[in-house]
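Spelled out, the chains give:
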Amino acid sequence: SAVISQKPSRDICQRGTSLTIQCQVDSQVTMMFWYRQQPGQSLTLIATANQGSEATYESGFVIDKFPISRPNLTFSTLTVSNMSPEDSSIYLCSARQGPGAFFGQGTRLTVV
Amino acid sequence: ELKVEQNPLFLSMQEGKNYTIYCNYSTTSDRLYWYRQDPGKSLESLFVLLSNGAVKQEGRLMASLDTKARLSTLHITAAVHDLSATYFCAVGFNYGGSQGNLIFGKGTKLSVKP
């Protein structure tokens with residue numbers, strides 16, 4: 001199974017600022033994904049991070065707010081831009097390897 | 001619309017009892033996942049079910065998949081306190097340009113009491 005390292009594990013940020021979350025996989029994977037989990041809720045897909053092309057965003061999420069990079073097959077970043085308190089959530093990266101789908105430890109973001 | 005419905009959403013059990021969590025999904029899928037999440041933690045993969053009739057067991061947990069009924073179950077046998085957590089089912093859909101992502105159920109918060 002793929003091992004995914006995500007950082008930071010948590011952060012408290014001022015509104016209006018941006019935070020970049022990094023996700024490193026211990027092996028090459030074709031597909032990486034970014035999810036958001038709001039407090040007490042389930043997971044919602046933000047976007048699919050494609051290597052060599054722009055990310056594919058789900059309805060309700062836009063590139064200007066959540067720019068994503070995927071420079072190679074083991075690494076991706078998600079930036080939460082111009083943050084507001086409504087962005088306070090856990091953000092998780094995920095990678096698919098074979099039939100398995102694995103998750104990083106998550107980044108708990110609090111915007112004040 | 002792609003939907004994954006999980007029930008119950010809350011489950012309080014006595015130790016030693018058995019119970020089943022249900023996961024229904026709205027359209028054809030080729031894989032179904034069960035995850036466990038402890039408070040403040042990420043998701044731990046429990047099972048991946050890939051075919052109709054698939055059954056997997058690990059300790060006191062057993063998962064099954066009926067693709068014709070679009071239903072998966074997670075059965076808990078003789079519950080113990082350590083099983084207290086939130087359990088999510090997730091279904092893999094391939095559609096549009098987003099192949100391989102998962103749609104999650106709302107989760108079942110399980111509390112096992114002595």
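Right above here is the structure, for reference.
Residues numbered from 1 in each chain as written. Chains lettered and ligands numbered in written order. Predicted model: local features only at pLDDT ≥ 70, side-chain atom pairs only at ≥ 80, totals over all residues. Heavy atoms only, no water.

### Considering the pattern of salt bridges
Enumeration over the complete set of coordinates arrives at two salt bridges over all chains. As a salt-bridge pair, Asp87(A) and Lys65(A) come within 2.6 Å of each other at their nearest N and O atoms. Remark: Lys65(A) occurs in the loop between β6 (56-57) and β7 (68-72) and Asp87(A) occurs in the loop between β8 (75-80) and β9 (89-97); sequence separation between them is 22 residues. Exposure remark for Asp87(A): the relative accessible area of 5% places this residue in the buried category. Asp38(B) serves as the salt-bridge partner of Arg36(B), at 3.0 Å between the closest nitrogen and oxygen. A relative accessible area of 26% means that Asp38(B) is categorised as partly exposed. (Salt bridge = Lys/Arg side-chain N within 4 Å of Asp/Glu carboxyl O. Helix = DSSP H or I, 4+ residues; strand = E, 2+ residues; numbered from the N terminus. Buried < 20%, exposed > 50% of the residue type's maximum accessible area, 1.4 Å probe, protein only.)

### Things to note about the side chain of Ser72(B)
Residues and elements named next belong to chain B. Here serine 72 lies in strand β8 (residues 71-76). A relative accessible area of 0% places serine 72 in the buried class. Within the structure, serine 72 has its side chain in polar contact with the side chain of tryptophan 34 (distance 2.9 Å). Among all residues touching serine 72, those that are not within four sequence positions of it are Ile21, Tyr22, Cys23, Leu32, Trp34, Leu49, Ser64 and Leu65. (Polar contact = N/O pair within 3.5 Å; in protein donor to acceptor, adjacent residues only side chain to side chain. Contact = heavy atoms within 4.5 Å.)

### Considerations on the nonpolar core
Ranked by size, the top nonpolar core spans 26 residues in total, and within it Trp34(A), Ile46(A), Leu78(A), Tyr91(A) and Leu109(A) carry the most contacts. If you list the elements that add at least two residues to this core, you get β3 (19-25), β4 (31-37), β5 (43-49), β8, β9 and β11 (107-111) of chain A. Ranked by size, the runner-up nonpolar core spans 25 residues in total, among them Cys23(B), Leu65(B), Ala79(B) and Tyr87(B). (Core = buried A, V, L, I, M, F, W, Y, C linked by side-chain atoms within 4.5 Å.)

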